[in-house]
Amino acid sequence: MDRIVVRGNGPLNGQIAISGAKNACLTLMPATLLSEEPLTLTNAPRLSDIRTMATLLQSLGAEVQTMQDGKVLAMSSHAADTHVADYDIVRKMRASNLVLGPLLARHGHAVVSLPGGCAIGARPMDIHIAALEEMGAEIELKDGYLHARAARGLKGADITLRFASVGATENVVMAATLAKGTTVLRNAAREPEIVDLVTCLRKMGAEIAGEGTDTITIGGMDRLHGATHPVVADRIETGTYMLAPAIAGGEVELLGGRIDLLGAFCEKLDACGIDVAETPGGLIVKRRNGRVDAVNVVTEIFPGFPTDLQAQMMAVMCTADGVSVLEERIFENRFMHAPELVRMGAQIDVQGGTATVTGVDRLKGAPVMATDLRASVSLILAALGAEGETVVNRVYHLDRGYERVEEKLGAVGADIERVSEDG
Ligand code: UD1
């Protein structure tokens, strides 16, 4: 298994190109099941999670062709005739549950393995299930699989989610495009990935209004047609690389990065002394003074501070001036990076969903272990400013969500390399 070796070596300068959003691509791909005509996605990120979703769609009978070195995904579901999403694929990635809504809408029947717990929390499916039941589906759990059936098709409904779940919003929006009648989805998630999904569905002929607000209205259609759609820029990758010069110093331009997708994140950066400005090609980031100030962070649904940037922000706070309190409100177990950062000399006290970080002058390199996707990249960020060498082990998590991290950071002057087990 590969390791990433980082030696903290001072300021970073230059440009990093931002890839298409993993989380947007993972919901756009299952949308192919809604139409018999081809759906082509451009600006797709080259990540193992995307390959997992491609394998899942292929197992359902869809064709998925990757072109231009993986940046273009040409999909066709005209022959997709299987409605069973197998445990062996689903267990690898929770986002596999995004085939549930499209399969049910298309076949009136879906059997999808329950994704099971993952490292950052229990992540149940009750919100997805309750919403689809309101649309007329009968769903039961048997042998670890959700068996969903809507013999006479799904019907439009007025649904209020108990929590603005991203995945449940995506599943319901996709299912509702082929339902009979109109669906009104209240307390919907507002994340930019949902706006991107709706933009694509509209190109496929769907009638949808209100995306990006908490009420989305979807008019059901008999069929959707084909489309070509570019995947929106990855706001989490953008936010992650924005924090690299915050830790190591220097000035980095993120090509394709979009401030409008970052919500409260940019306000927090401003508060801790990081300047962000738009450029013709994206955005540019640098520290205002030598050391950033400690700030408190509470993770929230969009446009609040994203949970997917909490670990990276903690890495910044480890060497900030003062004490910061980070509160994780979306997932119950998302501080696994904290003990690893402590091994690098950070002072962090975790009590339940709250971490108190007392900034130290400098971290020290150490061998560390990546425990989930965002945790792994937070360790790489911390290592950029640390004294000496850090070896990040178990980087397969990283490859799920960050495209060529060592090339991107290497291009702005970081001393970073990937070492394979036999290398
Ligand atoms: C998506 C993102 C993930 C991000 C998360 C929150 C993708 C592929 N993944 O995950 O990177 O961290 O949004 O922004 O887009 N919940 C329930 N019951 C449900 C569904 C969710 O209790 O039926 C809970 C979850 O356990 C979690 C919280 O709601 O604590 C948020 O989950 P949700 O918004 O659904 O996240 P995902 O769609 O899984």
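All figures in this text were calculated on a predicted structure; none of them were measured in a lab.

## Side note on the sheet that holds strand 5 (residues 72-76)
Part 1 of the reasoning: Strand order in the open sheet made by the 4 strands is 4-5-3-14, with mixed pairing throughout. Edge positions in the sheet fall to strand 4 (63-67) and strand 14 (227-230), since each has one partner strand and no second. Each adjacent strand pair in this sheet contributes to an overall mean axis angle of 15°, direction not counted.
Part 2 of the reasoning: Across 3 bridges, the pairing between strand 3 (residues 39-42) and strand 5 is antiparallel.

## Observations concerning the nonpolar core
Part 1 of the reasoning: Met-29, Leu-41, Leu-57, Val-99, Met-135, Leu-154 and Leu-201 are the most contacted members of the largest nonpolar core, which totals 79 residues.
Part 2 of the reasoning: When near neighbours in sequence (up to four residues on either side) are disregarded, Met-29 contacts Leu-41, Ile-50, Met-53, Ala-54, Leu-57, Leu-73 and Met-75.

## Here's the deal with the site of the ligand
Part 1 of the reasoning: Neighbouring the ligand are 19 residues, the closest being Asp-126, Ile-127, Ser-165, Asp-308 and Ile-330.
Part 2 of the reasoning: In this structure, Asp-308 approaches the ligand through a side-chain N or O atom, which is 2.6 Å from an oxygen atom.
Part 3 of the reasoning: About the coverage of the ligand: the protein hides 88% of its 740 Å² of free accessible area.
Part 4 of the reasoning: Counting residues per element, the ones that place at least two in the shell around the ligand are helix 5 (126-134) and helix 6 (166-176).
Part 5 of the reasoning: Broken down by element, the residue count for the shell around the ligand peaks at 3 residues, all from helix 5.
Part 6 of the reasoning: Here the residues of the shell around the ligand sort into 8 nonpolar, 5 polar and 6 charged.
Part 7 of the reasoning: A domain split of the shell around the ligand shows at least three residues from each of domain 1 (3-19 + 233-419) and domain 2 (22-230).

## A look at the domain arrangement of the protein
Part 1 of the reasoning: As far as domains go, the protein holds domain 1 (3-19 + 233-419) and domain 2 (22-230).
Part 2 of the reasoning: Using only C-alpha atoms to locate each centre, domain 1 and domain 2 end up separated by 30 Å.
Part 3 of the reasoning: Across the boundary between the two partners, domain 1 contributes 24 residues, which contact 20 residues of domain 2.
Part 4 of the reasoning: At the boundary of domain 1 with domain 2, total buried surface from both sides reaches about 1,900 Å², with 51% on carbon and sulfur atoms.
Part 5 of the reasoning: Per-residue buried area on domain 1 facing domain 2 is highest for Phe-302, Arg-400 and Glu-403; these three make up 30% of the total on that side.
Part 6 of the reasoning: At the surface where domain 1 touches domain 2, the tally comes to 4 salt bridges.

## Quick look at the packing of helix 6 against helix 7 (residues 192-203)
Part 1 of the reasoning: Between helix 6 and helix 7, the shortest axis-to-axis distance is 10 Å and the interhelical angle comes to 10°. Here helix 7 runs roughly parallel to helix 6, going by the angle between their axes. For the pair formed by helix 6 and helix 7, the contact residues are Val-166, Thr-169, Glu-170, Val-173 and Met-174 on the first element and Glu-193, Ile-194, Leu-197, Val-198 and Leu-201 on the second.
Part 2 of the reasoning: Residue composition of the contact of helix 6 with helix 7, by class: 7 nonpolar, 1 polar and 2 charged.

## Things to note about the packing of aromatic side chains
Part 1 of the reasoning: All chains considered together, the criterion is met by 1 aromatic pair.
Part 2 of the reasoning: Between Phe-265 and Phe-305, the ring centres sit 5.5 Å apart and the planes meet at 55°, which makes this aromatic pair tilted. Linking Phe-265 in helix 9 (residues 264-271) with Phe-305 in the loop between strand 18 (297-298) and helix 10 (310-317), this pair joins segments that are 40 residues apart in sequence. Each member of the pair, Phe-265 as well as Phe-305, carries the same accessibility label: buried.

## Looking at the environment of Leu-341
Part 1 of the reasoning: Assignment of secondary structure puts Leu-341 in helix 11 (residues 337-343).
Part 2 of the reasoning: Taking relative accessible area as the criterion, Leu-341 reaches 0% and is therefore assigned buried.
Part 3 of the reasoning: For the pair Leu-341 and Ala-315, spaced 26 residues apart in the sequence, the C-alpha separation amounts to 7.4 Å.
Part 4 of the reasoning: Excluding its chain neighbours within four sequence positions, the residues that come into contact with Leu-341 are Met-314, Ala-315, Cys-318, Ala-346, Ile-348, Ser-378, Leu-379 and Ala-382.

Parameters at a glance
Residues numbered from 1 in each chain as written. Predicted model: local features only at pLDDT ≥ 70, side-chain atom pairs only at ≥ 80, totals over all residues. Heavy atoms only, no water. Pairing = 2+ DSSP bridges. Helix = DSSP H or I, 4+ residues; strand = E, 2+ residues; numbered from the N terminus. Axes fitted to C-alpha atoms, helices over the stretch in contact; angles between N-to-C directions. Core = buried A, V, L, I, M, F, W, Y, C linked by side-chain atoms within 4.5 Å. Buried < 20%, exposed > 50% of the residue type's maximum accessible area, 1.4 Å probe, protein only. Contact = heavy atoms within 4.5 Å. Near = heavy atom within 4 Å. Polar contact = N/O pair within 3.5 Å; in protein donor to acceptor, adjacent residues only side chain to side chain. Areas by Shrake-Rupley, 256 points an atom, 1.4 Å probe, with all protein chains shown as cover. Nonpolar A, V, L, I, M, F, W, Y, C, P; charged D, E, K, R; others polar. Domains from an automatic or database assignment. Buried area = accessible area lost by both parts, 1.4 Å probe. Salt bridge = Lys/Arg side-chain N within 4 Å of Asp/Glu carboxyl O. Parallel < 35°, antiparallel > 145°, perpendicular 65-115°, else oblique. Phe/Tyr/Trp six-rings, centres within 6.5 Å; stacked < 30°, edge-to-face > 60°.

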